[in-house]
Amino acid sequence: GDSVTQMEGPVTLSEEAFLTINCTYTATGYPSLFWYVQYPGEGLQLLLKATKADDKGSNKGFEATYRKETTSFHLEKGSVQVSDSAVYFCALSDYRDDKIIFGKGTRLHILP
Amino acid sequence: ETGVTQTPRHLVMGMTNKKSLKCEQHLGHNAMYWYKQSAKKPLELMFVYNFKEQTENNSVPSRFSPECPNSSHLFLHLHTLQPEDSALYLCASSQELAGETQYFGPGTRLLVL
């Protein structure tokens, strides 16, 4: 079945550092890909999405490109802030299915 | 009020209690979901409703009983829970099923004593 694998956390960076959180997926069809973020004490929020190969999703300085050839959707940000500390979930959804498949989440700590 | 709301935000209950979690979405969506989020475990999908009809029950124990009276409201009735049921319960909604972005509520933090 479809699945999502993302890098284990926690990831600890200093403020203004470059961020990459790796995500790869397995799917038989052509899924939509998502990054969700969960801030402390809150539910998940959509951060960005991409619906087809080579699409780039972007929001709040974060970017991720749908790479069909490497089945990847890595999350990047050029300069992180303390306020980016949260748990980040990579996810996929196939139009043939009625659910989103989430990765296990990567906790990010940004130090001032 | 906008988005997806959940009440209560925090709940402590004994194993013999009966309680209900409530979720309401103000987005005009047709699909609603219950998830369980436990520490150090992946997000677990529990139930899916589409146009008030349950389309998925992910092998959830019968001590969890969902109810969807209309497309805007979703309940999770709890009875005779176990301590391992302590978790954050998240509600979400989407316009339709399949490939759609889901919008999450803030969750109910449940502690079973």
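Given the structure is predicted, the values throughout are model-derived calculations rather than measurements.

The rules we used
- Residues numbered from 1 in each chain as written.
- Chains lettered and ligands numbered in written order.
- Predicted model: local features only at pLDDT ≥ 70, side-chain atom pairs only at ≥ 80, totals over all residues.
- Heavy atoms only, no water.
- Contact = heavy atoms within 4.5 Å.
- Buried area = accessible area lost by both parts, 1.4 Å probe.
- Salt bridge = Lys/Arg side-chain N within 4 Å of Asp/Glu carboxyl O.
- Polar contact = N/O pair within 3.5 Å; in protein donor to acceptor, adjacent residues only side chain to side chain.
- Helix = DSSP H or I, 4+ residues; strand = E, 2+ residues; numbered from the N terminus.
- Nonpolar A, V, L, I, M, F, W, Y, C, P; charged D, E, K, R; others polar.
- Core = buried A, V, L, I, M, F, W, Y, C linked by side-chain atoms within 4.5 Å.
- Buried < 20%, exposed > 50% of the residue type's maximum accessible area, 1.4 Å probe, protein only.

Draft legend 1. Quick peek at the interface of chain B and chain A. Chain B puts 21 residues into the contact, and the matching count from chain A is 20 residues. With both chains or domains summed, chain B and chain A bury close to 1,500 Å², and 53% of this area falls on carbon and sulfur atoms. Run the count over chain B and chain A and you get 0 salt bridges. At the junction of chain B with chain A, the criterion picks out 4 residue pairs in polar contact (both at pLDDT 80 or more). Mapped by element, the contributors of at least two residues to the side of chain B that touches chain A are β4 (31–37), β5 (44–50), β6 (53–57) and β9 (87–94) of chain B. Looking at the side of chain B that touches chain A, the element that brings in the most residues is β4(B), giving 3 residues. The class makeup of the residues in the side of chain B that touches chain A is 12 nonpolar, 6 polar and 3 charged.

Draft legend 2. Expanded view of the nonpolar core. Core analysis: the largest hydrophobic core is formed by 26 residues, its most contacted members being W35(A), L47(A), L48(A), F73(A), L75(A) and Y88(A). Broken down by secondary-structure element, the contributors of at least two residues to this core are β2 (11–14), β3 (19–21), β4 (23–26), β5 (32–38), β6 (44–50), β8 (62–65), β10 (86–93) and β12 (106–111) of chain A. Of all hydrophobic cores here, the second largest spans 22 residues; its members include V4(B), Y49(B), A87(B) and L110(B).

Nothing here speaks to function; it is geometry throughout.
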